[in-house]
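Geometric and topological summary
Below, each chain spelled out in residue letters.
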Amino acid sequence: KAQFLDLAALRSQGTLGALRRLRSCGAASVIVTDEESDFPVFRDILVLAAMVVPHARRTYAPPAGSPARIAWTDYPKALGRIALGIADAVFALAITKFRLAQMTRRRAMELPRPRTPVRCLYLKPALNLGTPVGGAVGHVAGVVNALHRRGHRIHLLAVARQPLVDSEVDQILVPPPRFTAFPNELNLFSYGEKYLERASQEVRKLQPDYIYQRHSLNDMTGISLRLRFGIPLILEFNGSETWIQKHWGRALIFRSTAEEMEAANLRSADLVVVVSQAIERQVRALGVPPERILFHPNGVDRLMFDPDRFDAGEIQRVRAALRVPPDADLFTFIGTFGRWHGTDILAAAIRRLIDGQRLCLQAHRMHFLFVGDGPCSPAVRSILGHAAGETFVTLAGSRPQVETPAILAASNVCLSPHVPNADGSPFFGSPTKLFEYMAMAKPIIASDLDQIGWVLRGWCPGSPVPNPADRTGAAALLVDPGSVESLVAAIMEVAAMDAAGRSRMGQQAQSFVDRAFTWDKNVDAVLKAFQGCGVRS
């Protein structure tokens, strides 16, 4: 029986836990491989991990090339390359700290806004490898494509090609460092130096009117370019990366440095774009004046998420590819299975329905589809148990982002069971999936959680927050966040709803998103705020 282990699964157990798991797995053969784009980065770590498995035949299987047995001489070579990576990363960390000290001592210079900004350097410096999925993919493509539609010339810098971006947009790839460092956090500093050098070359080539950066952990590219070349900076801030690592990731070794870098980014940017009121409060608390902050939620590309693009034949082809019954009443969740998504609550609700109302599920031909993968996937599988292999549930795993509109078109009901933050802090998300659900005119079951509830009640940016006690007129069935009972009741209510009722709900959601939450409206608000906010002393 084959076992599949990736670095994310091993890292989640800590170094000692990962070593214990590898030693106890009892494998007779270990194959080291990865995707072609990522293999050079993780090769040495994977080779060393294979060494831990006792009495196993160890094979090196590059995606492009012939498999070969791992020799004992390969281990010191891997260790040597990792040592070089650590040395390079430690040197980059020292440079980063020096630059950060300079940033904090200097006062931000005044930068006039260009009257007609048309040349944009778009920065996505995150060292994210693997197949791009999740809300960030739609966000990057949504903003870039909307800017492109307004005639802006864009150079987009990222570690890999960004899907869904218009082919006319120039994408410049900044590959990861040649040698990998351990612990993984160090790689961000060595990559940051490489990324800054490449971005500086693009500034000289493009001579941009402004820089638009998607904020990333341990990166100061945008503010470094702003200081060096005098180009105004728009910083998109989707939440504190240091908070995210603490609560949803792994504790940072260089936490104080990361926090200082995050604060320096926010204080130095000419405009900070945030997606929720909770994030706006965080940014203000760090000393950013309100006139340099724009709060505008995420959006959707209505050209891409148009239900009229898909006919009955296409819908059946999608269902067949996903192994979903052609006549099923399909309830769908799409996401990265993060802790905030509430997939464990959804799995518990489905399990309760299967165990207690099987005949009702059969009568309504109900089927549940999970699309995606991530940290909470093992919990979902454990909760569902044998139900995951039954006719009521399909776990489709990760799918290319380009397939999302067709999958939603093939669905009958969309699910957004988000949960509050475990530490009691305000929910700060603006889920892109919510706006995609709405654009496809599908009935939605969603948690009544801060902005999610506001949007589904018809709220628009700049208008008062809706009364949380009033759910009448909402373009969805709103449920109590984290409540299995509330979610079960809503699923059964939608199952019993007639076609006309579902259509009215879906059409209302679509009208709400068209009124306020497209990427075109998002970008228009950003450009207006950028040219309207004052320069600083």
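To be clear, the structure that these remarks concern was listed above.
Description of the structure in this document. (Residues numbered from 1 in each chain as written. Predicted model: local features only at pLDDT ≥ 70, side-chain atom pairs only at ≥ 80, totals over all residues. Heavy atoms only, no water.)

1. Points about the sheet that holds strand β14 (residues 413-416)
Strand order in this open sheet of six strands is β13-β12-β11-β14-β15-β16, and the pairing throughout is parallel. Each of the sheet's edge strands pairs with one partner strand only, and the pair in question is β13 (393-397) and β16 (477-479). Strand-to-strand twist across the sheet, computed as the mean angle between neighbouring axes with direction ignored, equals 20°. Across three bridges, the pairing between strand β15 (residues 444-447) and β16 is parallel. Within the sheet, the bridge partner assigned to alanine 446 lies in β16 and is leucine 478. Contacting β12 (366-371) and β13, helix α14 (residues 377-384) runs over the sheet at an angle of about 160° to β13. Across the sheet, helix α18 (residues 484-496) lies against β11 (329-334), β12, β14, β15 and β16, angled at about 165° from β16, the strand it touches most. (Pairing = 2+ DSSP bridges. Helix = DSSP H or I, 4+ residues; strand = E, 2+ residues; numbered from the N terminus. Axes fitted to C-alpha atoms, helices over the stretch in contact; angles between N-to-C directions. Contact = heavy atoms within 4.5 Å.)

2. Topic: the packing of aromatic side chains
Tallied over the full model, the rule gives 17 aromatic pairs. Summarising the aromatic geometry, the rings of phenylalanine 331 and phenylalanine 368 are spaced 5.4 Å apart at their centres and angled 40° between planes, so their arrangement reads as tilted. In this pair, phenylalanine 331 is assigned in strand β11 and phenylalanine 368 in strand β12, connecting sequence segments 37 residues apart. Residue phenylalanine 331 shares its accessibility class with phenylalanine 368, and that shared class is buried. (Phe/Tyr/Trp six-rings, centres within 6.5 Å; stacked < 30°, edge-to-face > 60°. Buried < 20%, exposed > 50% of the residue type's maximum accessible area, 1.4 Å probe, protein only.)

3. Focus on the packing of helix α8 (residues 241-248) against helix α9 (residues 255-268)
Between α8 and α9, the least distance of the axes is 9 Å, while the angle of their chain directions is 145°. Mapping the contact onto sequence places Glu241, Thr242 and Lys246 in α8 and Arg255, Ala258, Glu259 and Glu262 in α9. Of the residues that constitute the contact of α8 with α9, the class distribution is one nonpolar, one polar and five charged. (Nonpolar A, V, L, I, M, F, W, Y, C, P; charged D, E, K, R; others polar.)

4. Looking at unusual backbone geometry
For the bond running from phenylalanine 182 to proline 183, omega is 5°, close enough to zero to count as cis. Inspection of the secondary structure assignment puts proline 183 in the loop between β6 (170-173) and α6 (185-206). Residues other than glycine seldom take positive phi values, yet phenylalanine 337 does so here, at roughly 55°. Note on placement: phenylalanine 337 falls in the loop between β11 and α12 (343-356).

5. A closer look at the sheet that holds strand β5 (residues 153-158)
One open sheet holds the seven strands; their spatial order is β6-β5-β4-β7-β8-β9-β10, and the pairing between them is parallel. The open sheet is flanked by β6 and β10 (293-295), the only strands paired with a single partner. Going across the sheet, the axis of each strand differs from the next one's by a mean of 20°, ignoring polarity. Both strand β8 (residues 233-237) and strand β9 (residues 271-274) contribute to a ladder of four bridges, which runs parallel. Looking across to β9, one finds that leucine 235 is bridged to valine 272. Contacting β7 (210-214), β8, β9 and β10, helix α20 (residues 519-532) crosses the sheet at an angle of about 155° to β9.

6. Notes on the pairing of β11
Burial analysis of β11 places six of its six residues in the buried class, the great majority of the element. What you see with β11 is no split at all: Asp329, Phe331 and Phe333 on one side and Leu330, Thr332 and Ile334 on the other are buried throughout. Where β11 meets β12, six bridges bridge the pair, whose relative direction is parallel. Paired with phenylalanine 331 across the strands is phenylalanine 368, a residue of β12. Bridge analysis of β11 against β14 gives two bridges, and the strand direction is parallel. Looking across to β14, one finds that phenylalanine 331 is bridged to valine 413.

7. Quick look at α6
For α6, which comprises 22 residues, the first-to-last C-alpha distance of 31 Å matches the rise-based estimate of 32 Å (1.5 Å per residue) to within 8%. When you tally the buried positions in α6, you get 16 out of 22 residues, the bulk of the element. A positive phi of about 50° marks glutamine 207, the residue just after α6. (Expected span 1.5 Å × (residues − 1).)

8. Let's talk about the packing of helix α4 (residues 74-105) against α9
Orientation of α4 relative to α9, taken along the N-to-C sense of each, is 45°, at an axis distance of 11 Å. Looking at the two axes, α4 sits oblique to α9. Between α4 and α9 lies a crossing whose hand is left-handed. Each of Thr96, Lys97 and Leu100 in α4 lies in contact with α9, whose residues at this interface are Thr257, Glu260, Met261 and Ala264. Of the residues contributing to the contact of α4 with α9, the split by class is three nonpolar, two polar and two charged. (Parallel < 35°, antiparallel > 145°, perpendicular 65-115°, else oblique. Left-handed = near helix turned anticlockwise from the far one by under 90°.)

Such coordinate-based values are descriptive only and should not be taken to indicate function.
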